[in-house]
Amino acid sequence: MTADAPVVRAVNLVKIYQTGGLPVPAVRGVDLTVEAGEFVAVMGPSGSGKSTLVHMLGGLDTRTSGEIWLDGRRADTLSESGWAVLRREKIGFVFQFFNLVANMTVADNVELPALLGGVSPRQARERREYLLGELGLADRAEASPAQLSGGEQQRVALARALANQPRLLLADEPTGNLDSRNTRDVLRLLGKVHGQGQTIVLVTHDARVASMADRVVSLLDGQIVDDGAIPKSRRRPLGAAGDVVELRS
Amino acid sequence: MRQSLLALLAKEPAHGYELKQALETIFGDAYPSPNIGQIYVTLGRLEKDGYVRSVDVEQANRPNKKVYYITATGREALETWVEEPTEGPRVRDEFFMKLVLAPMTGLSDRMALVNRQRRHYLALMRDLRELAERTDPANRVALLLIEGAMLHLQADLDWLERCQEDLP
């Protein structure tokens, strides 16, 4: 809870699934620290443990061993209801699947976390209008989730995750169902909130999304094999003399 | 370059500098800005091959300028080029050479090579994204060119991942 504590600190985090037969290690001893305001992209082949890792960081999957500290507080020892409170107060989550409340409008889905977080109805509404506007969904506010396309639902889920201005945004393939244009809206919003200091840990295959991050963590077989900043490219600045594309000469 | 100049001249006669400007306007910042010297060299070759001809146009208070126009032979060559299928891209990846050969020499290990390359690709992707943001949204051609480069880069990253999984 101290001001300078990292937002996320995982120590020797392990997850072993056992469904019937042999135990299957999904995450094998991950150490990860994310400071306030950092944007970390988690990459790696499918089955490398990326989703399991962020699910554990959000308390949606229990760890087998190791420690999770969020905002300076030990979290892996919390009960399920303890996690629920922590998530409501500090964590925004975007999944590959959307989990919108089916019998509530888009607007209510987005406002709910902010209202639960204790902000006034007016603030919740303004935040919702801002987020849906940024994601090109202003005119869908009164729709129900079932009336939306997959891509629209995914963007609503992102708006909901950001409604509460959470200490930590966790996202698992947040652009998985989006076409180019919708991906661009999501990227722009992620860039904006990151610019405003939002801490983000995001699993993605999409290099456009990953390239927004300050830092990339690569997983392979449940272990971190690379963790470091995305460098400045050594190429001369683009825009004056682009050499991005080599057309046949 | 030959074909793009021929195509521009099939639209209307032009001098070298106008051709350079036309290429820049159409393709935007993602296109490697053509060197004016290279354009004149190419025009010279096209003229020698009989695909274009030039006339000197007098200008008041300035040296004459050379205006190029396409010939019937040039138009035929252009038609052939447009109608034949275009070769797909070939994988000719310098990094893959490094990845396969460098560990054999003991110079580097594959994990380090792949990790460094991944970060480099992401840096390139960031450049492309920023270039797309700066590009006029009305310029569909330039944006599609950038999107094409992004899709190729994504494929390179996916391939890198496969290499990391499958090469010991």
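Model, not experiment: these values are computed from the prediction.

Undergrad: Would you mind going over the packing of helix α1 (residues 2-11) of chain B against helix α3 (residues 36-48) of chain B with me for this structure?
TA: Angle between the axes and distance between the axes: these two values describe a pair of packed helices. Residue and element names in this part refer to chain B. For the pair α1 and α3, interaxial distance at closest approach is 10 Å and the crossing angle is 75 degrees. Considered as vectors, α1 and α3 are oriented roughly perpendicular to each other. The residues of α3 that touch α1, namely those facing Arg-2, Leu-5, Leu-6 and Leu-9, are Ile-39, Thr-42, Leu-43, Arg-45 and Leu-46.

Undergrad: Even after reading the chapter, I still don't get the nonpolar core, so can you show me in this structure?
TA: Nonpolar side chains in soluble globular proteins generally cluster together in the buried interior. Counting 78 residues, the largest nonpolar core has Leu-158, Leu-169 and Leu-190 of chain A together with Leu-5, Leu-9, Leu-43 and Leu-122 of chain B as its most contacted members. Top element by residues in this core is helix α6 (residues 110-134) of chain B. It accounts for nine residues. Counting contributing residues, this core receives three or more from each of domain 1 (2-83) and domain 2 (94-166) of chain B. Residues within four places of Leu-122 of chain B in sequence aside, it is in contact with Met-43, Ala-207, Ala-210, Ser-211, Val-216 and Ile-230 of chain A together with Leu-157 of chain B.

Undergrad: Help me understand the side chain of Arg-155 of chain A in this model?
TA: Residue and element names in this part refer to chain A. Mapped onto the secondary structure, Arg-155 falls in helix α5 (residues 150-163). For the buried Arg-155, which has no salt bridge, the nearest side chain bearing the opposite charge is Asp-185, at an N-O separation of 4.3 Å. Reaching out from Arg-155, the side chain makes a polar contact with the backbone oxygen of Leu-135 at a distance of 2.8 Å. For Arg-155, the contacting residues outside a window of four places in its chain are Leu-135, Gly-136, Leu-137, Leu-178, Asn-182, Asp-185 and Val-186.

Undergrad: Looking at this structure, how should I read the sheet that holds strand β9 (residues 215-220) of chain A?
TA: Within a beta sheet, neighbouring strands are joined by backbone hydrogen bonds and run either parallel or antiparallel to one another. All names here are of chain A. Taken together, six strands build an open sheet; the order of strands is β6-β7-β8-β3-β9-β10 and the sheet is mixed. On the outer flanks of this sheet lie β6 (91-94) and β10 (223-229), each paired with one strand and no other. Taken pair by pair, the neighbouring strands of this sheet meet at an average axis angle of 15 degrees, ignoring direction. Pairing geometry for β6 and strand β7 (residues 168-172), over four bridges, is parallel. The residue of β7 that forms the bridge with Phe-93 is Leu-170. Packing against the sheet, helix α1 (residues 50-57) makes contact with β3 (39-43), β6, β7, β8 (199-203) and β9, and its axis sits at approximately 150 degrees to β7.

Undergrad: Hey, could you run me through the packing of aromatic side chains in this one?
TA: Where two aromatic rings form a pair, the distance of their centres and the angle of their planes describe that pair. Residue and element names in this part refer to chain B. This model, assessed by the stated rule, comprises one aromatic pair over all chains. Here the aromatic rings of Phe-96 and Trp-159 are separated by 4.9 Å at their centres, their planes lie at 25 degrees, and the arrangement is stacked. Pair noted here: Phe-96 is in helix α5 (residues 94-105) and Trp-159 is in helix α7 (residues 140-166), with a separation of 63 residues, a long-range link. Judged by relative accessible area, Trp-159 falls into the partly exposed class, the value being 30%.

Undergrad: Honestly, the pattern of salt bridges in this entry has me stumped. Any pointers?
TA: Working definition: two side chains of opposite charge can pair if their charged atoms are close together. Enumeration over the complete set of coordinates arrives at 21 salt bridges over all chains. Across the pair Asp-61 of chain A and Lys-15 of chain A runs a salt bridge whose closest N-O atoms are separated by 3.5 Å. Placement of the pair is Asp-61 of chain A in the loop between α1 and β4 (65-70) and Lys-15 of chain A in strand β1 (residues 8-17), with a sequence separation of 46 residues. With its nearest N and O atoms 3.9 Å apart, the salt bridge here joins Glu-133 of chain B to Arg-129 of chain B. Residue Glu-133 of chain B and its partner Arg-129 of chain B are located together in helix α6, separated by four residues, close to a single helical turn. For Arg-129 of chain B, a relative accessible area of 10% corresponds to the buried category. Counted as one network, the salt bridges with shared partners bring together Glu-38, Arg-215 and Asp-227 of chain A.

Undergrad: Looking at this structure, I do not really get the interface of chain A and chain B. What am I missing?
TA: For an interface, size is often stated in terms of accessible area lost upon the parts coming together. Facing the 35 residues of chain A at the interface are 33 residues of chain B. Taking both sides of the interface into account, the surface hidden between chain A and chain B amounts to around 3000 Å²; carbon and sulfur atoms contribute 58%. With a closest N to O distance of 2.7 Å, Arg-119 of chain B and Asp-226 of chain A form a salt bridge. Where chain A touches chain B, the interface holds nine residue pairs in polar contact (both at pLDDT 80 or more). Among the elements of the structure, α6 (180-195), α7 (207-210), β9 and β10 of chain A are those that each provide at least two residues to the side of chain A that touches chain B. Per-element accounting of the side of chain A that touches chain B gives the leading share, five residues, to β10 of chain A. For the side of chain A that touches chain B, the per-class residue count stands at 17 nonpolar, 10 polar and eight charged.

Undergrad: Is there a simple way to explain the confidence of the model for chain B in this structure?
TA: Interpretation of the predicted coordinates at a detailed level should be avoided for regions scoring low in pLDDT. The share of residues in chain B with pLDDT of 70 or more is 99%, and the mean pLDDT across the chain is 90. Taken element by element, chain B is modelled with least confidence in α5 of chain B, mean pLDDT 88, and with most confidence in α3 of chain B, mean pLDDT 94.

Undergrad: Sorry if this is basic, but what is going on with the environment of Tyr-17 of chain B here?
TA: All names here are of chain B. You can see Tyr-17 is positioned in helix α2 (residues 16-27). Its relative accessible area of 42% is what places Tyr-17 among the partly exposed residues. C-alpha of Tyr-17 to C-alpha of Tyr-40: the two residues are 23 residues apart in sequence and 9.0 Å apart in space. When near neighbours in sequence (up to four residues on either side) are disregarded, Tyr-17 contacts Ile-36 and Tyr-40.

About the cut-offs
Residues numbered from 1 in each chain as written. Chains lettered and ligands numbered in written order. Predicted model: local features only at pLDDT ≥ 70, side-chain atom pairs only at ≥ 80, totals over all residues. Heavy atoms only, no water. Axes fitted to C-alpha atoms, helices over the stretch in contact; angles between N-to-C directions. Helix = DSSP H or I, 4+ residues; strand = E, 2+ residues; numbered from the N terminus. Parallel < 35°, antiparallel > 145°, perpendicular 65-115°, else oblique. Contact = heavy atoms within 4.5 Å. Core = buried A, V, L, I, M, F, W, Y, C linked by side-chain atoms within 4.5 Å. Buried < 20%, exposed > 50% of the residue type's maximum accessible area, 1.4 Å probe, protein only. Domains from an automatic or database assignment. Lys, Arg positive; Asp, Glu negative; His and termini not counted. Salt bridge = Lys/Arg side-chain N within 4 Å of Asp/Glu carboxyl O. Polar contact = N/O pair within 3.5 Å; in protein donor to acceptor, adjacent residues only side chain to side chain. Pairing = 2+ DSSP bridges. Phe/Tyr/Trp six-rings, centres within 6.5 Å; stacked < 30°, edge-to-face > 60°. Buried area = accessible area lost by both parts, 1.4 Å probe. Nonpolar A, V, L, I, M, F, W, Y, C, P; charged D, E, K, R; others polar. pLDDT = per-residue confidence, 0-100.

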